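Okay, here's what each chain looks like letter by letter:
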Amino acid sequence: MSPEIRQAILPAEYGAKLKSLSLAPAWLKLGQLVPAGRPVRLAGPVHWSYREARACLTTASELVPIEQAERRVLGLANPGLTSRLATTPSIFGGLQLILPGEHAPSHRHVPAAARLIIEGAGAFTRVNDKDIPMLPGDLVLTPPHHWHSHHFYSGTEPMVWLDILDHPICVPMETSFLSGEQEVDNDQRAEREYRTDHVIPGLAPYRRPSQLAPRYPIWHFPWPKTESALNAVAANRRKDEPVHMMFVNAETGQSLLETMAFSVLMLRPGEEYAAPTRSASTMVSIIGGEGESTVDELHAKWEAGDTLSCPTFAQVVHRNRSGTKPAYLLLVDDSPMQVKLGIYSEEA
Ligand code: 1HN
């Protein structure tokens, strides 16, 4: 029976009575809440050209003083997701620009964040009390409730990076706020005491068995190290084995953030990679190279700085169009959260 017919048989005064008691006939919504066979998808596959977005960022820097904006960010707003500012159903991507001499003041909040640097040099992100240099391709974490500010110490050209946040999940959960000065997370105090740099993989600062491992032991993943690791792995891989490496928490082996996983895909010259069809949504940022992707009905040619939104269950193929140069893609997906919720699935 169609929802309209089911609706029609409800007497009007009964409907009014339910409403007055804050009750709702869920049987009218079942088709929307749990549609047969596959989910309702509002998020579309989308491609954002960095060249076009960059021009709009320049205009923003002329129109909006940093003091007014606090963060001068153009959100990658998926046109299907009208009720929230989001790139995929769970992930926000935004392009942030700061000019030489500017700084974005310190704040902290519930949503977890990370940044992928796209362009420029001379700026730092301060996470809690540590200055992290930002250079193209670097990945920098700001986990939940970590103080962060952005500072330009030297340099003459604007800096641009991709902000990556999970507020599309925190906002509908009604947990998102600036946590400011309040003491919200006791673990963090422990972290400040025990956190020290992990200089080489697998060699961690000593801690007694009674001490907890820091939840976020590494905040900075410089691109030169990532690139040389990918190139080293590629040298030992067969041509038909993808070069796909994920960033992991050095203490736990888990994803860097609770909600999002970060990985880098290297496409060797001419290589094509078909991603598994899965329940996770993915934001893809092109670190370097030139290529094209198919995401369901979207066909997009991309270059460095471009972003793609791959919705849940999308059919995704990435291809390096160069016959001589590698391409590198950062993939951010919500699989860790879906696994924790027990809802992650993929097709073989
Ligand atoms: C935020 O705090 C930053 O700290 C960037 O750089 C983008 C987008 C939405 C909400 C908070 C930042 C953001 C953001």
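Look above for the structure.
Thresholds applied
- Residues numbered from 1 in each chain as written.
- Predicted model: local features only at pLDDT ≥ 70, side-chain atom pairs only at ≥ 80, totals over all residues.
- Heavy atoms only, no water.
- Pairing = 2+ DSSP bridges.
- Helix = DSSP H or I, 4+ residues; strand = E, 2+ residues; numbered from the N terminus.
- Contact = heavy atoms within 4.5 Å.
- Axes fitted to C-alpha atoms, helices over the stretch in contact; angles between N-to-C directions.
- Phe/Tyr/Trp six-rings, centres within 6.5 Å; stacked < 30°, edge-to-face > 60°.
- Buried < 20%, exposed > 50% of the residue type's maximum accessible area, 1.4 Å probe, protein only.
- Salt bridge = Lys/Arg side-chain N within 4 Å of Asp/Glu carboxyl O.
- Expected span 1.5 Å × (residues − 1).
- Arc of directions from axis to C-beta.

K.L.:
I'm lost on the sheet that holds strand E5 (residues 113–119) in this one. Help?
P.N.:
Sheet strands pair by backbone hydrogen bonding; their relative direction is either parallel or antiparallel. The antiparallel open sheet is built from 6 strands, whose spatial order is E2-E3-E10-E5-E8-E11. A strand with exactly one partner marks an edge of an open sheet, and here the two such strands are strand E2 (73–75) and strand E11 (220–221). Across 6 bridges, E5 lies against strand E10 (residues 159–165) in antiparallel orientation. Among the inter-strand pairings, Leu116 is bridged to a residue of E10, identified as Leu162. Across the sheet, helix H4 (residues 50–63) touches E2, strand E3 (92–98), E5 and E10, and the angle it forms with E3 is around 50°.

K.L.:
Looking at this model, I keep getting lost on the packing of aromatic side chains. Mind explaining?
P.N.:
Aromatic ring pairs are defined here through the distance separating the ring centres and the angle between the ring planes. What the rule picks out here adds up to 3 aromatic pairs. A centroid spacing of 4.8 Å and a plane angle of 35° characterise the contact between Phe124 and Tyr153, whose relative ring orientation is tilted. Of this pair, Phe124 sits in strand E6 (residues 123–127) while Tyr153 sits in the loop between strand E9 (148–152) and E10, and the two are 29 residues apart along the sequence. Residue Phe124 is classed as partly exposed on the basis of its relative accessible area of 22%.

K.L.:
In this structure, what is going on with the pattern of salt bridges? I would like to understand it.
P.N.:
Charged atoms that come close allow side chains of opposite charge to pair. With the rule as written, the count across this model stands at 14 salt bridges. A salt bridge links Arg51 to Glu303; the shortest N-O distance between them is 2.8 Å. On the criterion of sequence distance, the pair formed by Arg51 in helix H4 and Glu303 in the loop between strand E17 (298–302) and strand E18 (307–310) is long-range, its members being 252 residues apart. The partner of Glu119 in a salt bridge is Arg54, and the shortest N-O contact between them spans 2.9 Å. Note that Glu119 is positioned in strand E5 and Arg54 in helix H4, a separation of 65 residues in sequence. Taking relative accessible area as the criterion, Glu119 reaches 23% and is therefore assigned partly exposed. Salt bridges linked by common partners bring Arg238, Asp240 and Glu241 together as one network.

K.L.:
How do you make sense of the environment of Leu308 when you look at a structure like this?
P.N.:
Inspection of the secondary structure puts Leu308 in strand E18. On the accessibility criterion, Leu308 (0% relative accessible area) is buried. When the C-alpha atoms of Leu308 and Thr282 are compared, they prove to be 8.3 Å apart, with 26 residues separating the residues in sequence. Not counting residues up to four positions away in its chain, the partners in contact with Leu308 are Val46, His47, Trp48, Thr282, Met283, Val284, Ser293, Leu298, Ala300, Trp302 and His318.

K.L.:
Would you mind showing me how to read the sheet that holds strand E19 (residues 316–320) here?
P.N.:
On the basis of which strands lie adjacent, the open sheet formed by 4 strands has the order E14-E19-E16-E17 and antiparallel pairing. Of all the strands in the sheet, just strand E14 (272–274) and E17 have a single pairing partner and so form its edges. Strand-to-strand, the axes of this sheet are offset by a mean angle of 15°, without reference to chain direction. Note: strand E16 (residues 291–295) against E17, 5 bridges, orientation antiparallel. Pairing of Thr294 across the sheet is with His299, part of E17.

K.L.:
It is not clear to me how H4 should be interpreted in this structure. Could you clarify?
P.N.:
Along an α-helix, residues three or four apart share an orientation, since each turn contains 3.6 residues. Taking 1.5 Å per residue as the helical rise, H4 with its 14 residues ought to reach 20 Å, and the 19 Å between its terminal C-alpha atoms agrees with that figure. Taken residue by residue, H4 has Tyr50, Ala53, Arg54, Leu57, Ala60 and Ser61 as its buried positions. The arc that holds the buried residues of H4, viewed along the axis, is 110°, so those residues lie on one side. Of the exposed residues in H4, those oriented more than 90 degrees away from the buried face are Arg51, Glu52, Glu62 and Leu63.

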